[in-house]
Amino acid sequence: MSVPNEDNTQLSSHFYGDLLDSIIVDVASECHRIAKLGLDHNLEEEEEEMRLSAQARARVTDPSNSGETNNKYVVDIFGQTHPSIASEIFECMNCGRSISAGRFAPHLEKCMGKGRKARLKVTRSTTSAQNRYSRGSPVSTYSPFSNPTSTHILSNGTPSVAGEEYSNGTYEGP
Amino acid sequence: MCARNSLYTNPKPCKHLADYKLRHGFNGYDSLQNCLKITPNGRARVDKHNTKIPRCNFCNGSQGRLYICLICSAISCSSHILLHTQSEKGHEVAVDMERSELYCCLCRDQVYDPDFDKVVVSKQVKDLPGGSKSNGFEGGCDGSSKRKRLDSGIGLDLKKSKLLITMRDRRAKSCYPLGLRGLNNLGSTCFMNSVLQALLHAPPLRNYFLSDRHNSFQCRKKSGEKVCLLCDIDALYSAMFSGDRTPYSPAQFLYSWWQHSSNLASYEEQDAHEFFISVLDVIHEKESKMLNSRKDDGYCQCIAHRAFSGLLRSDVTCISCGFTSTTYDPCVDISLNLDTSILSPSDVANKPIKPDEKTGVSTLSGCLNLFTGAEKLGSDQKLHCQNCQELRDSSKQLSIRRLPLVLCLHIKRVEHSLVRKMSRKINQYLQFPFSLDMTPYLSSSITRNRFGNRIFAFEYENSDSCAEYEIFSVIAHSGMLESGHYVTYLRLKNQWYKCDDAWVSEVDEGIVRASQCYMLFYVQKPLFYKANEDTRCVRISPRRDPFSSTAGCSSNAK
């Protein structure tokens with residue numbers, strides 16, 4: 001087994017050093033230009049925003065803080081209290097029956113014959129994407145390579161399966 | 001306020017550079033221009049002899065930094081550049097051959113001259129394939145020379161409205177800004193409530209509807225249709241700004257919306273962003289019918305587009321020759337991917353990030369940088385280059401050609417795993433600022449950056465359009481993918497409020513900063529300050545009834 005040639009090692013270190021120097025000067029030169037031309041004039045404000053955010057997060061995660069963000073409300077700023085399910089009563093504009101506000105949406109869904117019946121015929125993502133393109137109006141997708149936005153959906157609503165973090169891609173419903 | 005006349009400051013030349021300019025003018029620059037070589041990625045290098053390796057006159061070395069004298073074209077390395085200045089009197093300014101930057105040998109610093117930059121950029125434009133028609137240099141044919149006066153939009157100025165009367169509300173609750181009112185949850189409709197709260201307080205929309213720009217009576221007369229979403233939005237504004245503080249049930253609105261978007265008519269599992277797009281869609285459709293699709297300067301005049309519409313530019317560059325092809329697409333919002341690159345492998349398992357861990361934080365500017373960064377397309381995505389006339393590897397870069405009045409940023413928080421066929425919500429915290437400067441993401445900035453940030457007046461830079469924004473609303477999502485909850489934070493007259501369906505409370509700005517944002521709403525600074533001036537106005541409806549019925553579904557129509 002031959003001893004590694006010292007000259008070669010030195011030479012490759014030398015080349016590497018040269019390359020590294022070149023890259024460092026490149027970055028330094030670019031930053032120098034940006035700084036001199038004032039293209040980064042917002043740096044101070046950006047750092048201040050970062051600092052405030054970090055501070056805010058620290059305060060929120062601090063266990064000694066009384067949970068300001070918890071959902072236990074007593075009164076709102078107008079001094080009012082509200083039940084967990086809205087109790088206001090009004091007439092359904094489709095059938096005329098008196099419905100309480102908190103149950104209005106599920107009622108209207110059945111009343112109008114929408115919802116599950118409509119969903120079995122056609123999936124939401126295909127029609128919404130179709131509608132967007134056919135109307136030629138506010139199109140949120142702008143690149144041929146991105147996924148249609150309908151796949152990036154955060155839902156709300158009553159928990160169907162408690163404690164489950166993952167859900168599969170098709171919307172089965174509770 | 002925010003109208004900066006130049007996007008950069010012109011740096012003052014050092015004494016030596018000034019002297020050089022006086023004595024030699026542009027001679028050195030012009031002769032150097034012939035030696036400039038432009039690489040496909042747009043960089044300019046000084047390459048006098050195509051075949052010979054440049055060497056230092058003193059040590060004959062070719063490593064390290066090499067500088068070429070502007071007066072005699074002698075090449076020296078960084079160790080010997082001072083020697084050259086000493087041996088030749090007056091040869092004080094040189095050019096870094098690798099980057100084509102001016103270098104003052106006596107100040108020993110990089111210096112700048114707009115005239116030199118102009119020479120470099122001219123060569124770049126000349127040499128890159130496509131010339132001045134591509135590579136980001138826009139002519140006047142796409143309407144860029146027409147400057148749209150966005151801030152003098154008709155009907156968007158609250159003060160011009162005749163129907164507004166300043167009224168003193170003697171109730172104690174009047175100390176709170178008008179329009180602040182809870183929305184009842186009608187059965188898993190917090191996705192709708194959260195977006196409505198944000199839209200209700202978007203200055204252009206607010207001004208439009210409160211100025212009675214959509215008159216229900218005239219609308220019904222004209223179209224004869226019984227159901228008009230715009231009329232319902234108008235009714236919503238009336239109710240929310242009436243001064244009544246009991247929570248409002250947007251039942252009529254829901255009914256109207258479901259009639260228009262039958263595919264989304266389901267009370268369960270809805271996405272706020274999808275709803276937002278859908279509402280703008282319906283507003284556009286309805287207004288287009290009424291306005292007969294009148295387009296001014298090629299821009300749609302419906303209120304949805306006037307408020308939210310911007311223009312995105314996409315540049316696809318051939319890596320081999322540098323030819324760039326450009327396309328434009330309108331957008332009403334920008335969907336951003338989280339910049340997860342700063343996470344270490346352990347964080348991918350979605351553990352909460354502790355503040356003292358030095359893993360770095362995801363920031364909005366990081367996401368915007370990711371959005372506007374040059375992305376190398378995979379070799380399976382080769383595109384046809386017009387210049388090379390064959391399929392080549394390319395890189396793509398997005399930038400913002402025209403900013404909207406109201407900027408809606410949507411954070412994509414759903415991750416799909418194709419392997420496991422599952423979707424997962426990304427709970428990662430995202431830092432976002434209250435004041436946002438969008439200048440670095442404009443097409444003009446991106447193009448400028450591609451050419452080395454040279455001092456050069458690009459044709460289409462319109463400095464009268466404001467790139468500085470202030471945040472006015474945040475929609476936050478908490479919980480899991482299929483079962484979560486939306487709340488909206490509103491910033492009115494420098495106080496933050498939390499709107500959680502029917503519950504409205506005051507919160508400290510720290511709570512908002514620490515929240516898990518899903519949609520961010522920014523408005524151009526001048527509009528923000530105007531909107532927060534005077535909100536002690538109550539709109540009097542034509543029927544002289546200041547308080548519409550809360551549900552809005554009993555027949556009020558005449």
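Chain B carries the name ubiquitinyl hydrolase 1 in an unreviewed UniProt entry, which gives Hibiscus syriacus as its organism. Per UniProt, chain B has the following entry under Subcellular location (unreviewed entry): "Nucleus".

As recorded by an unreviewed UniProt entry, chain A carries the name SAGA-associated factor 11 and is attributed to Hibiscus syriacus. Word for word, the UniProt comment on chain A under Subcellular location (unreviewed entry) is "Nucleus". One UniProt comment on chain A, placed under Sequence similarities (unreviewed entry), says "Belongs to the SGF11 family."

J.: Tell me about the overall build of chain A, residues and numbers included.
T.: Within chain A, the secondary structure is distributed over five helices and three strands. In sequence order, chain A lays out its α and β elements as α-α-β-β-α-α-α-β. Counting every position in chain A, which comprises 174 residues, the buried fraction comes to 30%. Looking at chain A alone, contacts between residues at least 24 apart form 5% of all its contacts between residues at least 6 apart. A total accessible area of about 11,400 Å² is found for chain A, and carbon and sulfur atoms account for 55% of it.

J.: Go over the environment of B:M240 with me, naming the residues and quoting the values.
T.: All names here are of chain B. Positionally, M240 belongs in helix α8 (residues 229-240). Look at M240 and you get buried, because its relative accessible area is 1%. Put simply, M240 and L200 are 40 residues apart on the chain and 8.3 Å apart in space, counted from C-alpha to C-alpha. Other than its neighbours up to four places away in sequence, M240 contacts G179, L180, R181, G182, L183, Q197, L200 and Y248.

J.: Tell me about the packing of aromatic side chains, residues and numbers included.
T.: What the rule picks out here adds up to 21 aromatic pairs over all chains. Each ring, one from A:F90 and one from A:F104, has its centre 5.2 Å from the other, and the planes form 65 degrees; the classification is edge-to-face. Taken as a pair, A:F90 in strand β1 (residues 89-91) and A:F104 in helix α3 (residues 104-111) lie far apart in primary sequence, 14 residues in all. Aromatic side chains B:F472 and B:F521 sit 6.2 Å apart centroid to centroid with 50 degrees between the ring planes, which places their arrangement in the tilted category. Pair noted here: B:F472 is in strand β24 (residues 468-479) and B:F521 is in strand β28 (residues 517-524), with a separation of 49 residues, a long-range link. A relative accessible area of 3% places B:F472 in the buried class. Pairwise contacts between aromatic rings join B:Y20, B:F26, B:Y29 and B:F116 into one cluster.

J.: Now, about the state of the cysteines: what can you tell me, with residues and values included?
T.: All names here are of chain B. A full pass over the atoms with the stated rule returns zero disulfides over all chains. Cysteine C35 is unpaired, with the sulfur of C69 as its nearest cysteine sulfur at 13 Å. Take C35: its relative accessible area is 15%, and that puts it in the buried class. In this model C408 remains outside any disulfide bridge; the closest cysteine sulfur is found in C331, 10.0 Å from its own. Judged by its relative accessible area of 1%, C408 falls in the buried class.

J.: A description of the sheet that holds strand β18 (residues 394-402) of chain B should follow, citing residues and the corresponding values.
T.: All names here are of chain B. Spatially, four strands are ordered β12-β11-β18-β15 in an open sheet, and the strand pairing comes out antiparallel. Looking at strand neighbours, the two that pair on one side only are β12 (324-331) and β15 (375-376), the edges of this open sheet. Across eight bridges, the pairing between strand β11 (residues 310-318) and β12 is antiparallel. When the sheet's bridge partners are listed, L311 is paired in β12 with P330. Its contacts with the sheet place helix α13 (residues 443-450) against β11, β12 and β18, and it is angled at close to 140 degrees to β18.

Rules used in this analysis
Residues numbered from 1 in each chain as written. Chains lettered and ligands numbered in written order. Predicted model: local features only at pLDDT ≥ 70, side-chain atom pairs only at ≥ 80, totals over all residues. Heavy atoms only, no water. UniProt positions renumbered as here; feature names shortened; annotations may be inferred. Helix = DSSP H or I, 4+ residues; strand = E, 2+ residues; numbered from the N terminus. Buried < 20%, exposed > 50% of the residue type's maximum accessible area, 1.4 Å probe, protein only. Contact = heavy atoms within 4.5 Å. Areas by Shrake-Rupley, 256 points an atom, 1.4 Å probe, with all protein chains shown as cover. Phe/Tyr/Trp six-rings, centres within 6.5 Å; stacked < 30°, edge-to-face > 60°. Disulfide = S-S within 2.5 Å. Pairing = 2+ DSSP bridges. Axes fitted to C-alpha atoms, helices over the stretch in contact; angles between N-to-C directions.

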